[in-house]
Amino acid sequence: MNDKVPEIAMSQFETDKGILEPHLRQYGLEFATDGFHIRWAKGNQRHPRNWSIVRKAYDTSLIIFLELFTYLLGQGLGSIVFPPYSEAFGRKNLYVLSTALYSISCAIVAAVPSLSGVVIGRLFSGIVSAIPTTVVIGSIEDMFNARDRVWVLCLWAIVANLGLVTGPILSTFIVADLNWRWLFYVAAIVTGILTFILLTLRESRPSLLLAREVEQLRKVTGIETLQGLNPDRTPDLKTFVRTALFRPVRLFFTELIVFFVSVISAIAVALVYLFTEALPPVYEDFGFSTRQACLPFIAIGVGLSFGFFTRYIDLHIIDKHRLKGQPLLPEHKLTGFWIGAFILTVGLWGFAWTIPPYRTDLHWIVSVFCLVLVGYSLNEIEYVLGGYLTDSYLSYAASGLAALAIVRALLSAILPLIAPPMFSNLGNNMAISVLAIIATMFCAIPPLFSRFGKQIRAKSKFAKYSLRMYNEHSVDEDGY
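Rules of the game
- Residues numbered from 1 in each chain as written.
- Predicted model: local features only at pLDDT ≥ 70, side-chain atom pairs only at ≥ 80, totals over all residues.
- Heavy atoms only, no water.
- Axes fitted to C-alpha atoms, helices over the stretch in contact; angles between N-to-C directions.
- Helix = DSSP H or I, 4+ residues; strand = E, 2+ residues; numbered from the N terminus.
- Parallel < 35°, antiparallel > 145°, perpendicular 65-115°, else oblique.
- Contact = heavy atoms within 4.5 Å.
- Nonpolar A, V, L, I, M, F, W, Y, C, P; charged D, E, K, R; others polar.
- Buried < 20%, exposed > 50% of the residue type's maximum accessible area, 1.4 Å probe, protein only.
- Lys, Arg positive; Asp, Glu negative; His and termini not counted.
- Salt bridge = Lys/Arg side-chain N within 4 Å of Asp/Glu carboxyl O.
- Polar contact = N/O pair within 3.5 Å; in protein donor to acceptor, adjacent residues only side chain to side chain.
- Patch = residues over 30% accessible without salt bridge, like charges linked within 9 Å, V, L, I, M, F, W, Y side chains within 5 Å.
- Areas by Shrake-Rupley, 256 points an atom, 1.4 Å probe, with all protein chains shown as cover.
- Expected span 1.5 Å × (residues − 1).

Caption draft 1: Representation of the packing of helix H14 (residues 307–324) against helix H15 (residues 335–352) in the model. Closest axis-to-axis distance for the H14/H15 pair is 9 Å, and the angle between their directions is 150°. Taken together, the axis directions place H14 and H15 in an arrangement best described as roughly antiparallel. Where H14 abuts H15, its residues Thr310, Arg311, Ile313, Asp314 and Ile317 lie against Thr335, Gly336 and Ile339. In terms of residue class, the contact of H14 with H15 is built from three nonpolar, three polar and two charged.

Caption draft 2: Representation of the environment of isoleucine 445. Turning to its location among the elements, isoleucine 445 is positioned in helix H19 (residues 445–458). Exposure remark for isoleucine 445: the relative accessible area of 14% places this residue in the buried category. Separated by 107 residues in sequence, isoleucine 445 and tryptophan 338 place their C-alpha atoms 8.5 Å apart. Other than its neighbours up to four places away in sequence, isoleucine 445 contacts Ile264 and Phe337.

Caption draft 3: Expanded view of the side chain of glutamate 203. Turning to its location among the elements, glutamate 203 is positioned in the loop between helix H8 (181–198) and helix H9 (206–221). Arginine 212 is the oppositely charged side chain nearest to the buried, salt-bridge-free glutamate 203, at an N-O distance of 5.0 Å. For glutamate 203, the side chain forms a polar contact with the main-chain nitrogen of arginine 91, separated by 2.8 Å. Only 3.0 Å separates the side chain of glutamate 203 from the backbone nitrogen of lysine 92, close enough to count as a polar contact. In contact with glutamate 203, other than residues within four places in its own chain, are Trp51, Gly90, Arg91, Lys92, Leu208, Leu209 and Arg212.

Caption draft 4: Local environment of a nonpolar patch on the surface. Residues Tyr58, Leu178, Trp182, Tyr185, Val186, Ile189, Ile193 and Ile197 make up a contiguous nonpolar surface patch of about 700 Å² in total accessible area. In terms of residues, the nonpolar patch owes the most to one element, H8, which gives six residues. Within the secondary structure layout, tyrosine 58 lies in helix H2 (residues 53–65). The exposure class assigned to tyrosine 58 is partly exposed, which follows from its relative accessible area of 33%.

Caption draft 5: Spotlight on helix H5 (residues 115–128). Look at H5: 20 Å from first C-alpha to last across 14 residues, which is about the 20 Å you get at 1.5 Å a residue. By the burial criterion, the buried members of H5 are Gly117, Val118, Gly121, Ser125, Gly126, Ile127 and Val128.

Printed below as a string of structure tokens:
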């Protein structure tokens, strides 16, 4: 992956090594195993993994908050371009630029009088909204080790899904009291303010930060041949287009883990979009008003928060491996997927047969309790599978998750469109039963991942290379 070192340059470099050693120690750097390139030394406080907890909390809070104000079909295109760009050229500028453009596009949608302007504005806002959805996890991987990612990814998944379940509620009341254009005016105002706040973020891509460190070292030592070890290096635009832009698509079609994770996680998230169309009519059959019929989404939101309890199981597993000195594999953190797939099956079957027209004698609270189970399980599935991809592909996490985002964007756009005819033709009970059957099939996937996941990763050049780079260049004080 590294460039060949010219013999003359190497000879001169050997002469300069004595000069370099004290400067490397001063900057918290060291020579790579090839004896020429420079890499981070363990414990370097300028590496994102070793930033202060306050700095990490601030930056992470901002980028996760973006999830509350973005989404949808245009993300399919944005998900191909932005994640690999962030891996090669950094995260911060993408966050700032995309949020600013998202604000502008929402203002355009709200202001233009024509349908074509609305469609173009929504497509463009969808493209730029792919940034938080697909790049955030890459940023989290930059800053947090496997143990800490348990909580940060859980928070990310909860906030992302909370945005989905609160959206229909807010939309219903805003449209009823004002009009649909104010949905986009509000989004434009919030993200416009957020754009300026995002300027206070720090860049978190380690390879880009290392390049800056080496540049400073060149100025101090006067040695122009110094090079940082950069596995993300993109020598030219042609190489970037060939390898980076098509990497998410390539991962989806060639990596079994990426394929199955993308499809399952996308279906789980898309169910929430389907419910935006399906739930209000169901609860209107219970006698709810139009405004009241959107409130059962709160039950899904309540279920999201229960995911924190499952994280204690994850931490117990992590600590057990650490105490025994055993390596922690991505498959060791699939417990939430096992639980989530089962609970989703129970929740959907229960909801399917506790609503009208099959049951008109049950109180609506019974079906709402089933929605709590659905909310918990959907969040668990998305969280655990997102973490599984992150742990399996590490430095290529953003590209792996971009494939997921593409499928999710497509399904999330399609399912709300098929929900009305589906429920009209099959009826509420049978339509939900179809979803329950799909959830039942999901229950077979966790044991397959646990049994064969390690073997699949061993055959993946992306997973193997990413793990090797992580082991060679890790700067964590604690590898877990």
